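One letter stands for each residue in the lines below.
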Amino acid sequence: MEKLTFFALSAPEKLDRIAAYLSERLTRELNRHRYGYVCIAMEAMEQLLLACHCQSINLLVESFLSTLRLLLEADKPHLHILATNSFVKFANIEEDTPSYHRSYDFFVSRFSEMCHSEHEDLDVQNRIRVSGIRGLQGVVRKTVDDELQVNIWEPRHMEQIVPALLVNLQQHTHADSESPAEQTEVCFRELLGRAAYGHINNAIRPVLMHLDSHRLWEGRSFAVQCFQIIMYSIQSQHSHLVIQQLLGHLDANSRSPASVRAGIVEVLSEAAVIEATGSVGPTVLEVFNTLLRQLRQSVDYQLTGYYDNAGKRRTTSREEKTLQDAVIKTIGSFANTLPIYQRSEVMLFIMGKIPVPGIYPALGSPNAGYHSHLRMIQVMLLKSLLQVNSAHNLLTALPSSFLEPLLSFTLMEDPEIRLLVLSILTSLIDRCHNAARLAAVRSRLNRHNTQQHFLEDRCSRQDNLFIRKHAQRLYRHVYLTCKEESSGRGHYQALITLLAVLSVELANEEVVVDLIRLVLALQELALSSQECLSVFNRCGVHAVCAAFINLLSQLGPPPPLHQHVTQVIETRQRDAPHLLPEDVFCDKPRLPAGELQVDESCLFVQSKICDALTGSSYSAHSERFNTPYTPQLTDEDRLSKRKSIGDVISLQIDMDTQYCPDKPQTEQITFETLKNAIDRGGVEEEERRKRMLLVEKFQTAPFEEIAAHCGTSLLQTKLDQVFDLIIRPPPSPSGNSPPRSTPLYEMKFPDLCVY
């Protein structure tokens, strides 16, 4: 072998004859089944390949590759392994000179076939599969960096390589480094790591096809593991291409079973967590649009019981509910990877998708099924909105275009929707994550100092602007929410959390005074006999007032206020425990029988609160206590389905008391009235016809005719008067007016002077 190597290096022009002879000898020994001589000939060719210079390697390669084809076409597993090992050694050689006529199609096909080996001997099967995987790895290394070689990223090659790798990736029976699964993961990572921008789609599409054909979305664990490998292996700037492929595949499977759609959505969620660049490509809103569309389709399937238009493929409510939870979780995962400014856009986008009664009549006909469909969509989209974390700047995170429609849902009849809105408001305002610390406060009073348990940031200028702009709207909806008869324990606890978060995050002297006024108004609401509230509702409102003002008195106001609050709470604990959270917000509330009677000593007194704030920084706003809090009534309630509030408020807006007569006057409907109404319809039709004729004239008439028609218009006359006033010279001191000069716009210049 040493003499042969020396001779080949001394006379490189004879390498092709040497390789041809070795190939011919190996073929002869192979046909005679002398496998020992086959191994010797193969080893000789390997050593010549490794020893010769890069400039002369092309003389050996053709004979070498033809010899490998012969070995791979044989029916002996040990020859397949021998050929694969030789090919891997060849693939590791770096060549300087290009080769224009090599083809690796046979090797891609044969190595992929080896990866699917089903040999009866399990040990031999694993060895063949590992060899096939290593052979594919060698093909990728040899071709991926050479533009003159075969393009390994073409779909016809990827459709062979990727399924062969995925089949072995599913096997986890062997934990050593020589198992097919371990070798496959290494090869798969290397393949994806070398993929450029234009090759990602060709590499991902066979993965999706393989998961579809083998129904691996339903198991989810392998699909998630597969895409975790993909997301960690590809270059980070290309990760959004994988997201887009998954979204497109989700749309393509919109008529698939719920388990398949849920599997794709769960993979999307995991991919979004791994995606580390903080962006999901140029079409961020398209991602959320796709997910929200899937959410609405799932609601449709849940109501109809079928996931196809033909009504043949049944689905269950449980399966669709699992899918909906997965979609909502995925929306949160995507939103949390975005920068803060994009989260605000996403919140506005989701809010625009929530149907509001009277605003989106195209959703369906107003019947029982329509309202059920509408409610489910509202609940799902609000849950999606709850997953989006808040931004640090409330002024930009909660603009009026977002806050007003969100607050309008607090006036709806559905208790679940109102509770979701309260949770959304709390999560958006709670930037220091104090809501979790308030879990004990909202169900049990703590009369010790609780300020140390909360994280407080100094109220910024933007926060002051936000609370100054939206405070009254927030107070109003808190007040109206307490008037709801269908409110339960969760609603009152959510109100306590919301008010506490407001006081911790945005409190200043003016806000604290307004919050105390709101508490006193809620107390009066619970005592009012004009409100149709149950005993539980009244006790719940009293408990909200007690829990919140107890917390508020410990966050900054002077000690006398805390003393008064403590005195009232102790009186309630002794004489009226049903007015405190401990007895109301429990599994079995202890409520009084009959009408609720509240003693004066169990109430928070406005005069004592004013005296407690006197002499402090809050005294500058104490005159506001002279005006009891009343909610500002706006036209937001027209979006509500509640008649008891919405109709009353709309009447109060449209009616001016000073022009309201003592008795309502009704118009007498006579024959003349009906005749005038019919004639008015004819007049309107005639006016509409004239407008159409005028529009048609301006569209079809020549320009000269239109100019002549408009030349003597009133506008032209007014313009002439204005120009005349502008160019008129000022009066002369002598009283004689100078001769009028020709206006510039009336002068006629020769054509040569006009450019």
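It should be noted that the structure appears before, not after, this text.
The structure displayed is predicted, hence computed values, not measured ones.

Asker: Help me understand the overall build of the protein, please; the structure alone is not making it clear to me.
Answerer: What the protein contains, in helices and strands, is 31 helices and 0 strands. The proportion of buried residues among the 755 residues of the protein is 47%. Taking as baseline every contact in the protein between residues at least 6 positions apart, the subset at least 24 positions apart corresponds to 75%. For the protein, the exposed area adds up to about 39,200 Å²; of that, 53% sits on carbon and sulfur atoms.

Asker: When you look at the nonpolar core in this model, what are you seeing that I'm missing?
Answerer: Here is a general trend for soluble globular proteins: nonpolar side chains tend to be buried in one another's company. Counting 199 residues, the largest nonpolar core has Phe188, Trp217, Phe227 and Ile230 as its most contacted members. Setting aside chain neighbours within four positions, we find phenylalanine 227 in contact with Ile204, Val207, Leu208, Leu211, Trp217, Val242, Leu246 and Val267.

Asker: Help me understand the packing of aromatic side chains in this model?
Answerer: Each aromatic ring pair is summarised here by two numbers: the centre-to-centre distance and the angle between the ring planes. In total, this model carries 13 aromatic pairs according to the counting rule given. Ring-pair connections join several aromatic residues into one group, and the members of that group are Phe64, Phe87, Phe90, Tyr104, Phe106, Phe107 and Phe111. Of note, lysine 142 hangs over the ring of phenylalanine 90, and the distance from its end group to the ring centre comes to 4.4 Å.

Asker: How should I be thinking about the environment of glutamine 228 in this particular structure?
Answerer: Summarising the element assignment, glutamine 228 is placed in helix H11 (residues 221-233). The residues contacting glutamine 228, other than those within four sequence positions of it, are Glu270 and Ile274.

Asker: Help me out: how do you make sense of the environment of valine 130 in this one?
Answerer: Within the secondary structure, valine 130 sits in helix H7 (residues 122-143). Considered as a pair, valine 130 and alanine 181 are 51 residues apart in the sequence and their alpha carbons are 8.7 Å apart.

Asker: It is not clear to me how the pattern of salt bridges should be interpreted in this structure. Could you clarify?
Answerer: Opposite charge on two side chains makes pairing possible when the charged atoms of those side chains draw close. All chains considered together, the criterion is met by 22 salt bridges. Between glutamate 154 and arginine 156 there is a salt bridge whose closest N-O contact spans 2.8 Å. For glutamate 154, a relative accessible area of 26% puts it in the partly exposed group. Its salt-bridge partner being lysine 383, residue glutamate 416 comes within 4.0 Å of it at the nearest N-O pair. One end of the pair, glutamate 416, is in helix H20 (residues 415-429); the other, lysine 383, is in helix H17 (residues 368-387), with 33 residues separating them in the sequence. When its relative accessible area of 31% is taken as the criterion, glutamate 416 is described as partly exposed. The exposure class of lysine 383 is partly exposed, given its relative accessible area of 22%. What you see here is one network of salt bridges that share partners, running through Arg375, Lys383, Asp414 and Glu416.

Asker: For this particular structure, what's the right way to read the packing of helix H13 (residues 258-274) against helix H15 (residues 317-336)?
Answerer: What describes two packed helices is the angle between their axes and the distance between those same axes. Between H13 and H15, the shortest axis-to-axis distance is 9 Å and the interhelical angle comes to 15°. Compared by their axis directions, H13 and H15 come out roughly parallel. Viewed along their axes, H13 and H15 form a crossing whose handedness is left-handed. Note on element contacts: H15 touches H13 through Glu319, Glu320, Leu323, Ala326, Val327, Lys329, Thr330, Ser333 and Phe334, opposite Ala258, Arg261, Ala262, Val265, Leu268, Ser269, Glu270, Ala272 and Val273. Of the residues that constitute the contact of H13 with H15, the class distribution is 10 nonpolar, 3 polar and 5 charged.

Asker: Help me understand the packing of helix H19 (residues 400-408) against H20, please; the structure alone is not making it clear to me.
Answerer: With their axes 9 Å apart at the nearest point, H19 and H20 run at an angle of 145° to one another. Handedness of the crossing formed by H19 with H20: left-handed. Facing H19, whose interface residues are Phe402, Leu403, Leu406 and Leu407, H20 presents Val421, Ile424, Leu425 and Leu428. Classifying every residue of the contact of H19 with H20 gives 8 nonpolar, no polar and no charged.

So, how was this worked out
Residues numbered from 1 in each chain as written. Predicted model: local features only at pLDDT ≥ 70, side-chain atom pairs only at ≥ 80, totals over all residues. Heavy atoms only, no water. Helix = DSSP H or I, 4+ residues; strand = E, 2+ residues; numbered from the N terminus. Buried < 20%, exposed > 50% of the residue type's maximum accessible area, 1.4 Å probe, protein only. Contact = heavy atoms within 4.5 Å. Areas by Shrake-Rupley, 256 points an atom, 1.4 Å probe, with all protein chains shown as cover. Core = buried A, V, L, I, M, F, W, Y, C linked by side-chain atoms within 4.5 Å. Phe/Tyr/Trp six-rings, centres within 6.5 Å; stacked < 30°, edge-to-face > 60°. Lys NZ or Arg CZ within 6 Å of the ring centre and 35° of its normal. Salt bridge = Lys/Arg side-chain N within 4 Å of Asp/Glu carboxyl O. Axes fitted to C-alpha atoms, helices over the stretch in contact; angles between N-to-C directions. Parallel < 35°, antiparallel > 145°, perpendicular 65-115°, else oblique. Left-handed = near helix turned anticlockwise from the far one by under 90°. Nonpolar A, V, L, I, M, F, W, Y, C, P; charged D, E, K, R; others polar.

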